[in-house]
Amino acid sequence: MLIKKIAFILCFIHVVNLNAQNVVEVKQNNEVIDRSVYLSKSDVEKIFNYFQNSSLFQWDDVHNNCEDRANAQALMLENWGVPCYKIWIYNGNKIDKDKSVLCASCPSKVCWGYHVTVIIPYKDNGEIYYAAIDPATMSQLGTHISWAQDMTCSGTNYYQYSDANMYIFETKNKKAILGSYKENTSTHYKWTMIGLAAINGGSLGGKILSKLRKKKIKKVTQRFEKEKENKPVFLN
């Protein structure tokens, strides 16, 4: 009986360790988060609910336009005076490492080479955590670790932080270059608005749709600017 208990405990530890290793932080050229500036958990939960219930963000679009949604969130949060960063997660192939699977839900027919969302530092019971604000993959508030682990269907995925003002990463031979994030420009803002209009502006079809749906993009842009300039009451 004792031997069986020991074997069970060892097996349990092995499984826990495997689960703990399915996401790895890449620290090279990683953004340093200021842990002295944070919100309360209650306020961060309200922010999550705000974005989750905003019809400006079409969270159920599995093809995602994640860099545009995250960028729109970051622009709004920074305008509201909320400390935030972006977290990027890559499957192994995207950064030329071992093979892994990154999906919004496991199993899923739609998986990604990378995904990005905003994170907000918050303090709870004396500890600092980073909340992921990503209703596309989460039904309720969670930490950046739970966010990363829930999307890791198999293998090991890799995450990294950036300043909230970074739009996308540099690539070489279609692989992501970690730490090579491009700062927001007026062109990136335009792409962000196109993305919020549920158009993939980077594709050939998206470029055509962008020209055909100018009124829709203008309407989305006007609504975005209105929400950005109207700080939610609970943050006052």
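Residues numbered from 1 in each chain as written. Predicted model: local features only at pLDDT ≥ 70, side-chain atom pairs only at ≥ 80, totals over all residues. Heavy atoms only, no water.

Peer 1: I keep staring at the packing of aromatic side chains and nothing clicks. Help me out?
Peer 2: When we look at a pair of aromatic rings, we describe it by the centre distance and by the angle of the planes. Per the stated rule, a full pass over the model turns up 14 aromatic pairs. Look at Phe51 and Phe57: their rings are 5.4 Å apart centre to centre, the planes differ by 85°, and that puts the pair in the edge-to-face class. Phe57 shares its class with Phe51; the two are buried. Measuring from centroid to centroid gives 5.5 Å for Tyr90 and Phe169, while their planes differ by 70°, and the two rings are edge-to-face. Of this pair, Tyr90 sits in strand S3 (residues 85-90) while Phe169 sits in strand S10 (residues 166-172), and the two are 79 residues apart along the sequence. Note on Phe169: relative accessible area 5%, which makes it buried. In textbook terms, an aromatic cluster arises when at least three aromatic residues are bridged by ring pairs, as seen for Tyr50, Phe51, Phe57, Trp59 and Trp80. Above the ring of Tyr158, the side-chain terminus of Lys97 is found at 5.5 Å from the ring centroid. (Phe/Tyr/Trp six-rings, centres within 6.5 Å; stacked < 30°, edge-to-face > 60°. Buried < 20%, exposed > 50% of the residue type's maximum accessible area, 1.4 Å probe, protein only. Helix = DSSP H or I, 4+ residues; strand = E, 2+ residues; numbered from the N terminus. Lys NZ or Arg CZ within 6 Å of the ring centre and 35° of its normal.)

Peer 1: Is there a simple way to explain the state of the cysteines in this structure?
Peer 2: Here is the idea: a disulfide is a covalent bond, and it sits between the sulfur atoms of two cysteines. If you walk through the whole model with that rule in mind, you get 2 disulfides. A sulfur-sulfur separation of 1.8 Å characterises the disulfide bridge that pairs Cys103 with Cys111. Around the S-S axis, the bridge from Cys103 to Cys111 shows a dihedral of about 75° and counts as right-handed. Judged by relative accessible area, which is 1%, Cys103 ranks as buried. Accessibility expressed as a relative area gives 37% for Cys111, which makes it partly exposed. (Disulfide = S-S within 2.5 Å.)

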